[in-house]
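The lines below spell out each chain.
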Amino acid sequence: MRLHCVFIACFVLFACCSLANSEYSQGPDKCCFSFSNVKIPVKQVVGYHTTHSECHMSGIILIMQSGKEICADLNERWVQRLKNRVDESTQMMTEGSGDSN
């Protein structure tokens, strides 16, 4: 009987620790582990976000029209140009939608 109680106590402790680790973790949601070498047309990209500072490799995650996400190296010249064009496109759309009053 005593062994049974020890087993249950260990199981409950393990379950609580597992729940606490998964529920309260503060790690990044998405990180890049490799970068695309393929230059992507700006018209296929609807947005982007940079990787979290805790990620091993810092990069940019490009969000495609299809919903697919592609990692790219922000130090690459073509990626910087793509990012700037997406920013310009987003700004033009924002300014254009504000004139409808």
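Structural notes, computed from the coordinates. (Residues numbered from 1 in each chain as written. Predicted model: local features only at pLDDT ≥ 70, side-chain atom pairs only at ≥ 80, totals over all residues. Heavy atoms only, no water.)

Within the largest apolar cluster, 11 residues are counted, these being Ile 40, Val 45, Ile 60, Leu 62, Met 64, Ile 70, Ala 72, Trp 78, Val 79, Leu 82 and Val 86. Within the residue set of this core, elements represented by two or more residues are strand S2 (60-64), strand S3 (69-72) and helix H2 (77-97). With four residues, H2 is the single largest residue contributor to this core. The contacts of Val 86, once residues within four sequence positions are left out, are Val 42, Val 45, Gly 47 and Tyr 48. (Core = buried A, V, L, I, M, F, W, Y, C linked by side-chain atoms within 4.5 Å. Buried < 20%, exposed > 50% of the residue type's maximum accessible area, 1.4 Å probe, protein only. Helix = DSSP H or I, 4+ residues; strand = E, 2+ residues; numbered from the N terminus. Contact = heavy atoms within 4.5 Å.)

A word on the side chain of Thr 51. Residue position: Thr 51 is located in the loop between strand S1 (45-50) and S2. What makes Thr 51 buried here is its relative accessible area of 11%. Looking at Thr 51, its side chain comes within polar contact range of the main-chain nitrogen of Gly 59, at 2.9 Å. (Polar contact = N/O pair within 3.5 Å; in protein donor to acceptor, adjacent residues only side chain to side chain.)

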